[in-house]
Amino acid sequence: MPLLLPVAFAFLTGLTACGLVGTVLELACGRRLAFVEPYVSSDHVVRSLASAAFAGPFMLVNDAMAARRERRISLPGLLSCLSTAMLWALALGVVLLGLVFAIVPGTAAPAG
């Protein structure tokens, strides 16, 4: 149980960051978030990497749900995409919390 709390906090941190960045991108561009232009482009590699790193789980779920509605992937394929998005959100949360603990003075990683 002691390990569950930091893992859940990291997951929710990543999920929140992903949702916020994804929503801002959707509002700015006026399109559904996906791994397509204008979010991912070979002309703007750094912008594409940043948007994919932070909003990638949101993009993956949107693309997987659209593919499932069009019957292009099976249910196990959809579940695989959802699991990958959850792990991606967890990893994003771990990285963001690590950055906060490294940058903000007076914070320390939780003992455990």
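Preceding this section is the structure that the text describes.
Residues numbered from 1 in each chain as written. Predicted model: local features only at pLDDT ≥ 70, side-chain atom pairs only at ≥ 80, totals over all residues. Heavy atoms only, no water.

Asks: Now, about the environment of G77: what can you tell me, with residues and values included?
Replies: Here G77 is to be found in helix α3 (residues 75-103). A relative accessible area of 23% places G77 in the partly exposed class. (Helix = DSSP H or I, 4+ residues; strand = E, 2+ residues; numbered from the N terminus. Buried < 20%, exposed > 50% of the residue type's maximum accessible area, 1.4 Å probe, protein only.)

Asks: Talk me through the packing of helix α2 (residues 45-69) against α3; I want residue IDs and the actual numbers.
Replies: For the pair α2 and α3, interaxial distance at closest approach is 9 Å and the crossing angle is 170°. Put simply, α2 runs roughly antiparallel to α3. Across from A52, A53, F54, G56, P57, L60, V61, A64, M65 and R68 in α2, the residues of α3 making contact are L75, L78, C81, L82, T84, A85, W88, A89, L92 and L96. Tallied by class, residues from the contact of α2 with α3 come to 17 nonpolar, two polar and one charged. (Axes fitted to C-alpha atoms, helices over the stretch in contact; angles between N-to-C directions. Parallel < 35°, antiparallel > 145°, perpendicular 65-115°, else oblique. Contact = heavy atoms within 4.5 Å. Nonpolar A, V, L, I, M, F, W, Y, C, P; charged D, E, K, R; others polar.)

Asks: Describe the packing of helix α1 (residues 4-29) against α3, listing the residues and the values that go with them.
Replies: Where α1 contacts α3, the two axes come as close as 7 Å, and the packing angle between them is 100°. Relative to α3, α1 is oriented roughly perpendicular. In contact with V7, F9, A10, F11, T13, G14, L15, A17 and C18 of α1, α3 contributes M86, A89, L90, L92, G93, V94, L96 and L97. Within the contact of α1 with α3, the residues separate by chemical class into 14 nonpolar, three polar and no charged.

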